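An overview of the molecular structure
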Amino acid sequence: MTETGIGIAAAAPAVGVRGAIRVWERHWKLHSFYWRSDLMGAVVQPLLYLMGMGLGVGALVDSQGAGLLGGVSYLAFVAPAVIAAAAMNVAAQESVWPLMAGFKWSNAFQAMCATPITAAQVAGGTLLWLTTKVTISTVGVGAVLMLFPATRTVGVLAAIPAGIVTGLAYGLAISAWTATRESDTSFPVILRFFILPMFLFAGVFFPVDQLPDPIPLIVWAVPLWHGVELSRGAVIGGLDPAMAAIHIAILLVWVGIGFLACTQTFTRRLTP
Amino acid sequence: MADAPSSIPVVSAHNLVKRFGEFTAVDGIDVEVRPGEAFGFLGPNGAGKSSTMRMIGCVSPVTSGELRIFGMDPATHGRQIRSRIGVVPQTDQLDMELSVEENLIIYGRYFDLPRRLCRERAAELLEFVQLSDRATSKVEPLSGGMKRRVTIARALINDPELLLLDEPTTGLDPQARHVLWDRLYRLKQRGVTLVLTTHYMDEAEQLCDRLVVMDQGRIAAEGSPRELIQRHSTREVLELRYVPGQNELQAERLQGLGDRVEVLPDRVLVYADDGEAALREVHNRDAMPESSLVRRSSLEDVFLALTGRTLND
């Protein structure tokens, strides 16, 4: 027994990650039916968005003079922020009904926990899966950015990981919440009264210092604002390295706390 | 670990308790399941059967008492134990959008089995549950009995030594149940230990070598179906049906008949070793029923004798 005991202890982290990958495999398999619509959503939707906002609203804004947004066009101002915003939206969507299905409607997560897979690995698999979904989305928006000369920069490559981390900050926190729910009644509330206001007021469409106090302070607690500052700074420049480090650190804290919360709530739900 | 593997009980529980807050689901039970045995937990809904099964399946932590599966503690060796058991839950937990075969392969991956091995085993197991021709069809449109068989095949993907079945045939039609029982019997022949819960008497009598009757979190009796019937009931039972509302009245005339008279809402049961003789006596006492039936005692009668209630209340 001692020999296998030591072997197991040594192999534990590896086994942990492998289990999470097995959970991810199932998500991927189920998803393989929908990837086309996903890709459409990731590319076509932001493209329409940017054409409407950037070229339509942008023409109005830009006619007021280039000094308004520190010398960049409105399209160049909004487009990079959409990387972070799309990541938030995709992660939030994925963390409500689709996740609830695993806990409640198909009971797939309970089925996993009857095997050597642990509840923490189900949470790990969810993290990997959210990462996948958010990556597809941010890469899609990044590709759209490459279509416009104003945003066709190497910085897009840095904005993509910033968007991914932003998405995970939301996805994990909401997933932890979903794992505690018996019904889906709170999901529309989350999307309409939390996610949508952040989308509107966290700096995607205008600088937050346009807003009255104390909103420019409150946004420090909003992951999207950090994600927007990072992705915008990466694409159009002007990001202070020290500030960038702070933004990244805050997002990573959100991700870390979100994942810990997930392992807690998943464990309580799946191994009562 | 010096003992030969066969001498270690597959499941052993001593004073096992499960509480959810104030509610005590399992209230100090002792159980031992030997290798190769088919063991049943029999009882009504809410008796604590499923909670016990989830503790044995190492997904629900033990509140107090001792539980060992293959001689190991679920609290410290959950993963190792789960890798050696198969679980057929009360409700099918299949991925409806995927094919039958894909459901099995994905499940096999949770045990970290190589993909090729999963595919081979899936083909064998679908043959075993007679669903080879449905391997590539989606799960969604299959009948309840077929879905159940997919779930059983899936639970066998890791070649388990112990199979846990929580109400395996609830909601299935009689034919589907018989197909399932036949497959479970074959598994038992191969040496797989079966632990199942049921509230169907006939299922317990068909499948179980030994069982415990559970009621309100406790074990009310233990033994083989035959032993339990001998110990807690008579050889035969006379069932009498009267015009509605007459049961209590007529039962008074039946006082002292057989070992015991039990009045149920829909019929009166007379427990007697000779049912026909009891029926003649009923006629003598002028307590003529609308209809009558003499049958052998079943586990249903054992449950009634032990708890004063019928199983499917």
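This text follows the structure it describes.
In short, a report on the structure.

Cut-off values and rules
- Residues numbered from 1 in each chain as written.
- Chains lettered and ligands numbered in written order.
- Predicted model: local features only at pLDDT ≥ 70, side-chain atom pairs only at ≥ 80, totals over all residues.
- Heavy atoms only, no water.
- Helix = DSSP H or I, 4+ residues; strand = E, 2+ residues; numbered from the N terminus.
- Buried < 20%, exposed > 50% of the residue type's maximum accessible area, 1.4 Å probe, protein only.
- Contact = heavy atoms within 4.5 Å.
- Areas by Shrake-Rupley, 256 points an atom, 1.4 Å probe, with all protein chains shown as cover.
- Lys, Arg positive; Asp, Glu negative; His and termini not counted.
- Charge placed at Lys NZ, Arg CZ, Asp CG, Glu CD.
- Salt bridge = Lys/Arg side-chain N within 4 Å of Asp/Glu carboxyl O.
- Pairing = 2+ DSSP bridges.
- Axes fitted to C-alpha atoms, helices over the stretch in contact; angles between N-to-C directions.
- Phe/Tyr/Trp six-rings, centres within 6.5 Å; stacked < 30°, edge-to-face > 60°.
- Lys NZ or Arg CZ within 6 Å of the ring centre and 35° of its normal.
- Buried area = accessible area lost by both parts, 1.4 Å probe.
- Polar contact = N/O pair within 3.5 Å; in protein donor to acceptor, adjacent residues only side chain to side chain.

**Looking at the overall build of chain B**
When helices and strands are counted, chain B shows 11 helices and 13 strands. Considering only C-alpha atoms, chain B reaches an extent of 75 × 45 × 40 Å along its principal axes. Out of the 313 residues in chain B, the part that is buried amounts to 53%. A separation threshold of at least 6 residues defines the contact pool for chain B, and within that pool the share at least 24 residues apart is 69%. Accessible surface, chain B as shown: approximately 14100 Å² in total, 46% of it carbon and sulfur. Seen as two clouds, the 39 positive and the 48 negative side-chain charges of chain B have centres 5 Å apart.

**Quick look at the pattern of salt bridges**
Residue and element names in this part refer to chain B. The full count for this structure, using the stated rule, is 33 salt bridges over all chains. Across the pair Asp202 and Arg177 runs a salt bridge whose closest N-O atoms are separated by 3.4 Å. In this pair, Asp202 sits in helix H7 (residues 201-207) while Arg177 sits in helix H6 (residues 174-189), placing the two residues 25 residues apart along the sequence. Here Asp202 falls in the partly exposed class, since its relative accessible area comes to 37%.

**A few points about the sheet that holds strand E1 (residues 11-20) of chain B**
Residue and element names in this part refer to chain B. The 3 strands lie next to each other as E2-E1-E4, forming an open sheet whose pairing is antiparallel. A single partner strand is all that each edge strand has here, and the edge strands are strand E2 (23-33) and strand E4 (64-69). Direction aside, neighbouring strands of the sheet carry axes that sit 25 degrees apart on average. Examined bridge by bridge, E1 and E4 share 5 bridges and lie antiparallel to one another. Its bridge partner being in E4, Ala13 is matched across the sheet by Leu67.

**Overview of the packing of aromatic side chains**
With the rule as written, the count across this model stands at 13 aromatic pairs over all chains. Where Phe103 of chain A meets Phe109 of chain A, the ring centres are 4.9 Å apart and the plane angle is 85 degrees; that geometry is what we call edge-to-face. The exposure class of Phe103 of chain A is buried, given its relative accessible area of 2%. For Phe109 of chain A, a relative accessible area of 1% puts it in the buried group. By the ring-pair criterion, three or more aromatic residues cluster together here, those being Trp24, Trp28 and Trp129 of chain A. A cation over an aromatic ring shows up here: Arg183 of chain B above the ring of Phe128 of chain B, its NZ or CZ 5.6 Å from the ring centre.

**Considerations on the environment of Ala158 of chain A**
Within the element layout of this structure, Ala158 of chain A appears in helix H7 (residues 155-178). A sequence separation of 94 residues divides Ala158 of chain A from Gln64 of chain A, and the C-alpha atoms of the two residues are 30 Å apart.

**Brief notes about the interface of chain B and chain A**
Note: interface size is frequently given as the accessible area lost on complex formation between the parts. With 27 residues of chain B at the interface, the matching set in chain A holds 27 residues. Across the chain B to chain A interface the summed buried area is about 2500 Å²; carbon plus sulfur atoms make up 57%. Ranking the residues of chain B by area buried against chain A places Arg79, Gln93 and Tyr110 of chain B at the top, with a combined share of 28%. One can count 6 salt bridges joining chain B with chain A. A salt bridge links Arg26 of chain A to Asp95 of chain B, with the nearest nitrogen and oxygen atoms 2.6 Å apart. Here chain B is connected to chain A by 16 residue pairs in polar contact (both at pLDDT 80 or more). Looking at the side of chain B that touches chain A, the elements with two or more residues in it are E1, helix H2 (74-82) and helix H3 (100-110) of chain B.

**Let's talk about the sheet that holds strand E7 (residues 193-198) of chain B**
All names here are of chain B. Strand order in this open sheet of 6 strands is E5-E6-E7-E3-E8-E9, and the pairing throughout is mixed. Edge positions in the sheet fall to strand E5 (85-88) and strand E9 (218-223), since each has one partner strand and no second. The average undirected angle you get between the axes of adjacent strands in this sheet is 15 degrees. The sheet contact formed by strand E3 (residues 38-42) and strand E8 (residues 210-215) spans 4 bridges and is parallel.

**What to know about the pairing of E5 of chain B**
Residue and element names in this part refer to chain B. Side chains of E5 alternate between two faces, with Ile85 and Val87 and Gly86 and Val88 buried alike. Bridge count for E5 against strand E6 (residues 162-166) is 4 bridges, and the pairing is parallel. The residue of E6 that forms the bridge with Ile85 is Leu162.

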